[in-house]
Amino acid sequence: MLACPAVLRAEPLRLRIGHALPVTHPVHPAIQHFADVLHEKSGGAIELAVFPDGQIGQETNLLAQLKAGKLDFAKVSASALEREAPAYRVFSLPFVFRDHAHWRSVTTNTVGDSILASGSSVGLVGLTYYDAGSRSFYGHRPINHPDDLKGLKIRIQPSPTMARMMRLFGAEGVEMAWDLVFTALSSRLVDGAENSVVALIVGRHGEVVSHYSLDEHTMVPDVFLISEARWSSMAPAQQTMVREAALASYDRMNVLWADFQTKARGTVERMGVTFIQPDKRPFIERAAPILTEFADDRPLLDLIGRIAQS
């Protein structure tokens, strides 16, 4: 009897991606698009499993897994990266961006690239940004002026910069995981929060708040990351495919986000939430001392200058 030699096939590289948002959020199909493109580009040699909705951890835990090399990819807010890579603090500084076009320019040029690269020394390699809109205040009462925030408890992401801004406005910043915010708002544990209008849909916050104030104090993006341990284990050709797939997911996210944000505002208004367009000048003036507090931080000041010139 003649034995036929087996044709040996290399097992595909199986990787995992985690994020904390529900599948109804544009981030999920954008990340799924990344997985699909990478699978196609690699000829099926790289397979990715996407875990949404905090299934394998909220953002702080996802970062810890990335740094330890136990997770391959994750999407987190730039605010959550401040303690890991200080360059990301610039996104939490109030009124750094003139408008959305300015934000788009920065996140697609060498300035944005340098920020993405800044976390590699702590195990976090940035691949691309995802638009998360501008962040504004919302809650159980109108906010027309910084004085309207005095004495209020406002949910914020883990961000020393945002905590400082809350103090300048006379409010208390309460750091809290995303999945706890709806209950905190409905039980009045906090008086309000700050996020894009989409949060009122995705997190159901529009069911329990009455006013949304478009002060647009920050434009904090989401960041799509790969573990440095996984990145350094890849061949140059694989790294190129990952970069190309990330760019494709960035383009897909832009289309999804624009449509989602427009529909979200209409839905929130029908839910009974009142939108307010305050004069931004008092907010800008009240928040201005934050920048002076970084007078000795040469790298951050240089970064702010490069952004201003973009």
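Residues numbered from 1 in each chain as written. Predicted model: local features only at pLDDT ≥ 70, side-chain atom pairs only at ≥ 80, totals over all residues. Heavy atoms only, no water.

Let's talk about the packing of helix H4 (residues 110-117) against helix H12 (residues 298-309)
Running from N to C, H4 and H12 point in directions that differ by 150°, and their axes come no closer than 10 Å. Across from Thr110, Val111, Ser114 and Ile115 in H4, the residues of H12 making contact are Leu303, Arg306 and Ile307. Taken together, the residues that form the contact of H4 with H12 break down as four nonpolar, two polar and one charged. (Axes fitted to C-alpha atoms, helices over the stretch in contact; angles between N-to-C directions. Helix = DSSP H or I, 4+ residues; strand = E, 2+ residues; numbered from the N terminus. Contact = heavy atoms within 4.5 Å. Nonpolar A, V, L, I, M, F, W, Y, C, P; charged D, E, K, R; others polar.)

Remarks on the packing of aromatic side chains
Scanning the model with the defined rule gives 10 aromatic pairs in all. Its guanidinium or amino end placed over the ring of Phe182, Arg204 lies 4.2 Å from that ring's centre, counting from NZ or CZ. One residue, Arg265, lies across the ring of Phe275, its end atom 4.2 Å from the ring centre. (Phe/Tyr/Trp six-rings, centres within 6.5 Å; stacked < 30°, edge-to-face > 60°. Lys NZ or Arg CZ within 6 Å of the ring centre and 35° of its normal.)

Comments concerning unusual backbone geometry
Positioned with a positive phi, Phe95 is a non-glycine residue whose angle comes to about 60°. With respect to the element layout, Phe95 can be found in the loop between strand S3 (73-77) and helix H3 (100-107). At Arg204, a position not held by glycine, the phi torsion is positive, near 65°. With respect to the element layout, Arg204 can be found in the loop between helix H7 (199-202) and strand S9 (211-218).

Topic: the pairing of strand S4 (residues 124-130)
It is a general feature of regular strands that their side chains alternate between the two faces of the sheet. Of all seven residues that make up S4, seven are buried, and the element is covered over most of its length. As judged from the six bridges shared by S4 and strand S10 (residues 222-227), these two strands associate in the antiparallel manner. By the bridge assignment, Val125 is partnered in S10 with Ile226. (Buried < 20%, exposed > 50% of the residue type's maximum accessible area, 1.4 Å probe, protein only. Pairing = 2+ DSSP bridges.)

Notes on the pairing of S3
Most of S3 is tucked away: five of the five residues are buried. Of the two faces of S3, the one carrying Phe73, Lys75 and Ser77 and the one carrying Ala74 and Val76 are both buried. Inspection of the sheet shows strand S1 (residues 13-18) paired to S3 by two bridges, in the parallel sense. Paired with Gly18 across the bridge in S3 is Ala74. Sheet topology places S3 next to S10; five bridges connect them, and they run antiparallel. Its bridge partner lying in S10, Ser77 is registered against Asp222.

Here's the deal with the layout of surface pockets
The space that makes up the largest pocket amounts to roughly 440 Å³. In this structure, the largest pocket is lined by 25 residues; those nearest its centre are Glu59, Ser77, Arg155, Gln157 and Trp178. Elements represented by at least two residues in the lining of the largest pocket include exactly helix H2 (59-67), S3 and H7. Per-class residue counts for the lining of the largest pocket are 13 nonpolar, seven polar and five charged. (1 Å grid on protein atoms, 1.4 Å probe; cavity = no way out; pocket = protein on both sides within 12 Å on 5 of 7 lines; lining within 4 Å. Points joined across faces, edges and corners; volume = space filled by probe spheres on them.)

Focus on the side chain of Thr161
Tracing the sequence through the fold places Thr161 in helix H5 (residues 160-168). Residue Thr161 is classed as buried on the basis of its relative accessible area of 5%. Sequence-distant contacts of Thr161, defined by excluding residues within four places in its chain, comprise Glu82, Arg89, Ser92, Leu93, Ile290 and Phe294.

Digging into H4
Among the residues of H4, those classed as buried are Val111, Gly112, Ile115 and Leu116. Down the axis of H4, the smallest arc covering the buried residues is 140°, so these residues share one side. Against the buried residues of H4 lie H3, S4, S10 and H12. The backbone nitrogen of Val111 lies 2.8 Å from a side-chain oxygen of the residue at the head of H4, namely Asn109. (Arc of directions from axis to C-beta. Polar contact = N/O pair within 3.5 Å; in protein donor to acceptor, adjacent residues only side chain to side chain.)

Purely spatial values, then, with no claim about function.
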